[in-house]
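The chain contents come next:
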Amino acid sequence: MTDFLSLPIAENFNILAGDSGLNNTITGVNILDNPEAMTWLSPGELIVTSGYFFKQDDQAIERFFKSFHDINISAICIKPQMYLTPIPNELYTYSELYHIPMIEIPYGIAFSKIMITVMNRLSDFSNDTTQLALDINSKFMEYGLKGNTFDELGTQIESLLDNPLIITNSTWHLLTNDVSSPFKPYVTSQKGAHFFDPNSLKQLPFNLEQLKHPVTMRFKDDTESMIFPIFFNDITYGYLIVLQENRRFSQQDYIVLENVTPSIALKIVHQTETKRINNRIERDFYRELLFGNKPLEELRGMKQSFDFKSQYTVFILEVDSINKKETDPVKKKYNEELEVASILNAIDLYKQSFYHPLHFFKHGTYYIGMLGDSTPSEIKQSSAFFSELLDYVQSFLTDGTTLSIFVGTKDPVSDIQKSYDIAKKLMAFKNDSTHSIYQPDDYYFELFIHEQIHSDTANQLINHYLGPLIQADRKKDSQLLDTLDRYLSNNQNLASASRELFIHRNTLLYRIEKIESLLSHSLSDNEYTFYLQFALYLLKKTDIKT
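Described below are features of the structure shown in this document.

Parameters at a glance
- Residues numbered from 1 in each chain as written.
- Predicted model: local features only at pLDDT ≥ 70, side-chain atom pairs only at ≥ 80, totals over all residues.
- Heavy atoms only, no water.
- Helix = DSSP H or I, 4+ residues; strand = E, 2+ residues; numbered from the N terminus.
- Rg over C-alpha atoms; globule rule 2.2 N^0.38 Å.
- Buried < 20%, exposed > 50% of the residue type's maximum accessible area, 1.4 Å probe, protein only.
- Contact = heavy atoms within 4.5 Å.
- Areas by Shrake-Rupley, 256 points an atom, 1.4 Å probe, with all protein chains shown as cover.
- Pairing = 2+ DSSP bridges.
- Axes fitted to C-alpha atoms, helices over the stretch in contact; angles between N-to-C directions.
- Salt bridge = Lys/Arg side-chain N within 4 Å of Asp/Glu carboxyl O.
- Arc of directions from axis to C-beta.
- Parallel < 35°, antiparallel > 145°, perpendicular 65-115°, else oblique.
- Nonpolar A, V, L, I, M, F, W, Y, C, P; charged D, E, K, R; others polar.

## Description of the overall build of the chain
Okay, step 1: Per the secondary structure count, the chain includes 17 helices and 16 strands.
Okay, step 2: What you see for the chain is a C-alpha radius of gyration of 35 Å, clearly larger than the 24 Å of a compact globule of 546 residues, by over 25%.
Okay, step 3: Taken along the three principal axes of its C-alpha coordinates, the chain extends 110 × 70 × 35 Å.
Okay, step 4: Within the chain, the proportion of its 546 residues that are buried is 48%.
Okay, step 5: Across the chain, the fraction of contacts at a sequence separation of at least 24, relative to all contacts at a separation of at least 6, is 64%.
Okay, step 6: Per element, the accessible surface of the chain, about 27900 Å² overall, is 50% carbon and sulfur.

In C-alpha cells, the structure reads:
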C-alpha cells in the first residue's frame, strides 16, 4: 500500500481514514459501483469507486465494510465529489474499525489510469501467480492419476491453505470421510452418510451452482468461511468448503482453489462412472434373474453374493423428477446422472444398517429392488418398511422430486418372476390413487380381474350390459353412462346423485327411465345392478376398450 501511495499518480491522493491498514498488500484492482458485484471481489484487491452504493443507509455502509473485511480488501480509493458530499461519518468509523484505508481521489483522475498503474506494478506478481497456478494444476492432476482418495486430496489442499476444509458433491454429501472437529457443528448425519448443512450459513448465493469463483461466507455463529464450486465444463460437481481458522484468506488461497478443482471434478466423474459400470454388471445379472432365459444353476455361478435360499419381494421404484423440464441437453444429462447416483448411493448407505438381503439396480426409467427374507418370520416388508425406505431415498433428492413404490409378492427365487410381474401390474393403478406405496393386498380384486379376465372377454361383457347406453352416448352425448355410474355409486339415492351430477331431480328421473328403457331392465333388480356395476368397473380400466 505504501508503495502505491508513493507513485506519481497518487501525489494528490488524500488518506481520509484507516491509517492502521497502510501495510496491507495490494494484489489486484477492481472498480466497484454496483453492490451486486460484491461476490466478484478477490482478497487483496484495491477498490476504486464513486461511493454511490454507500448512499443507501448507515446499515449498508456497515454491511459493505464488513464484507470488505471478510474478503480481505486492501484499501478503498473513493471519488466522493459526486455522491458523498459531505462524506458520512460512518465511512470514517468503519474504515478505522476494520483497518481498511479510505483514500480520496482527486476529481480529475480517471479510474482507468489507476487500474493501469496498479496492474503494471503487479506484472511481476502476475508472473509468479501464473507459475503457481501451473504448478498446482500439474501437481493435483498427478495426484488424480495416482488414484489418491478424496481424504488424501483434502489433506494436500489443507496444507496449502493452512486452514481446515471438507469436500462435498453437489448435494452437499461429504466426499471426505475424516471430518475435522472445526466442521462438526456444520455437519449432519443420516444412517452413516455425512452432509454439510448449508442452513448453518447466514445465507447462500441463489446462483451458487452457476458461479466459478470462491464466495466468502459467514456461518450463523459468525465463523468465516469460503465456498468454492468444483466446476468443470460448465457443470458444478460439488463444493470445497474452507474455514478461516488459522489465518485470513489470501490471493494465493484463491489461486490454489481455482487450480485444484479440475482434478477433483474429474475424480468425481470417474467415481460416478465406476459406480455406473458396477451397476451395469449387477443389472445384467438381475435382469437374467427376473426375466431372462438362463437357468438358476448358471446364475449361481455368476453372482456368489446373491442368496438363492431366501424368499424375495420384488419392488419397483418410480421417480417423477423436476429435471424433466430442463431443456439444456448437457445439464439434463448431468442432472439425470446425479439423480441416479444419489438414489443408488442412498440405497447403498441404507443397506449398511439393514440385516436382510437387499439388491437394487436401475432398469430403464425406473429402479428395481429385491428384498430378501431368509427367516420364517416376516421382516418389516409392510407399508411401514417401504415408507421408511421411501423417506430415506427422498432425503437424498432435490425438492419437487416424488417417488412411488410398487411392491410384489413374497416368493422363492424359482418364482421371483411372479413377484416382479405383480409389482409391474400395480404400476397401472398409479393414476387412480394419491398413494405412494402400492401393495398387492390393497389391489387384490383389481389384480384378480386383470389376471382372470382377458380384455376381449371384458369387452364382450361390457357390450352385453352397457352396449345400448354406449351407442346412445356416442350419438347424442346424452351422458347416460355417467348418470348410471353416479346413480348406482350413490346407492340409487336421487338427492345425492343429482347433486353430484349437478342436475335437477326430475332430469335424473327422466334419464333413469331412459336407461331402463334402453336396457330393458329395471334398476330395482339388485342382481342386475350388480352386473351393471361390474361392467362399469371394467369399462373404467385403461387397458380395456370397447
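## Some points on the sheet that holds strand β15 (residues 402–412)
Okay, step 1: On the basis of which strands lie adjacent, the open sheet formed by 5 strands has the order β13-β14-β12-β15-β16 and mixed pairing. Of all strands in the sheet, those bounded by a partner on one side alone are β13 (358–363) and β16 (437–438).
Okay, step 2: Together, β12 (311–320), β14 (366–373), β15 and β16 form the strand contacts of helix α10 (residues 383–394), whose direction differs from that of β15 by roughly 140 degrees.
Okay, step 3: Sheet strands touched by helix α11 (residues 416–426): β12, β13, β14, β15 and β16. Its angle to β15, the strand with the most contacts, is close to 150 degrees.

## Quick notes on the environment of Gly369
Okay, step 1: Its location among the elements puts Gly369 in strand β14.
Okay, step 2: On the basis of relative accessibility, which here comes to 0%, the residue Gly369 falls in the buried class.
Okay, step 3: In sequence terms Gly369 and Ile347 are 22 residues apart; their C-alpha atoms lie 9.6 Å from each other.

## A closer look at the pattern of salt bridges
Okay, step 1: Summed over the entire model, instances satisfying the criterion amount to 17 salt bridges.
Okay, step 2: Salt-bridge contacts for Lys351 lead to Asp348; the nearest nitrogen and oxygen are separated by 3.9 Å. With Lys351 and Asp348 both in helix α9 (residues 329–351) and 3 residues apart, the pair spans about one turn of that helix.
Okay, step 3: Take Asp348: its relative accessible area is 37%, and that puts it in the partly exposed class.
Okay, step 4: A salt bridge links Asp373 to Lys410; the shortest N-O distance between them is 2.7 Å.

## Some points on helix α12 (residues 444–452)
Okay, step 1: Listed in full, the buried residues belonging to α12 are Glu446, Leu447 and Ile449. Buried positions in α12, seen along its axis, are confined to an arc of 160 degrees and lie on one side of it. Opposite its buried face, α12 presents the exposed residues Tyr444 and Gln452, each directed more than 90 degrees away.
Okay, step 2: Where α12 is buried, its residues touch α11 and α17 (526–540).

## A look at the sheet that holds strand β3 (residues 45–49)
Okay, step 1: Strand order in this open sheet of 5 strands is β1-β5-β4-β3-β2, and the pairing throughout is mixed. At either end of the open sheet lies a strand with only one pairing partner, and these are β1 (14–17) and β2 (28–31). Ignoring which end each strand starts from, the neighbouring axes of this sheet average 25 degrees apart.
Okay, step 2: When β2 meets β3, the two strands line up parallel, connected through 4 bridges. Opposite Gly28, over in β3, you have Glu45 as the bridge partner.
Okay, step 3: Of the strands in this sheet, β1, β4 (75–78) and β5 (102–104) touch helix α3 (residues 89–97), which is tilted by about 85 degrees from β1.

## Notes on unusual backbone geometry
Okay, step 1: Each neighbour pair has its own omega, and for Thr85 with Pro86 the value is 0 degrees, a cis peptide bond.
Okay, step 2: Position of Pro86 among the secondary structure elements: in the loop between β4 and α3.
Okay, step 3: Not every positive phi belongs to a glycine, and Asp162 is a case in point at roughly 55 degrees.
Okay, step 4: Exposure remark for Asp162: the relative accessible area of 39% places this residue in the partly exposed category.

## Quick word on the packing of helix α7 (residues 251–291) against α11
Each pair of packed helices gets described by two things: the angle between the helix axes and the distance between those axes.
Okay, step 1: Where α7 meets α11, the axes come as close as 7 Å, and the angle between the chain directions of the two elements is 90 degrees. In terms of orientation, α7 lies roughly perpendicular with respect to α11. Where α7 approaches α11, its residues Leu289, Leu290 and Phe291 are matched on the opposing element by Ile416, Gln417 and Tyr420.
Okay, step 2: Split by residue class, the contact of α7 with α11 holds 5 nonpolar, 1 polar and no charged.

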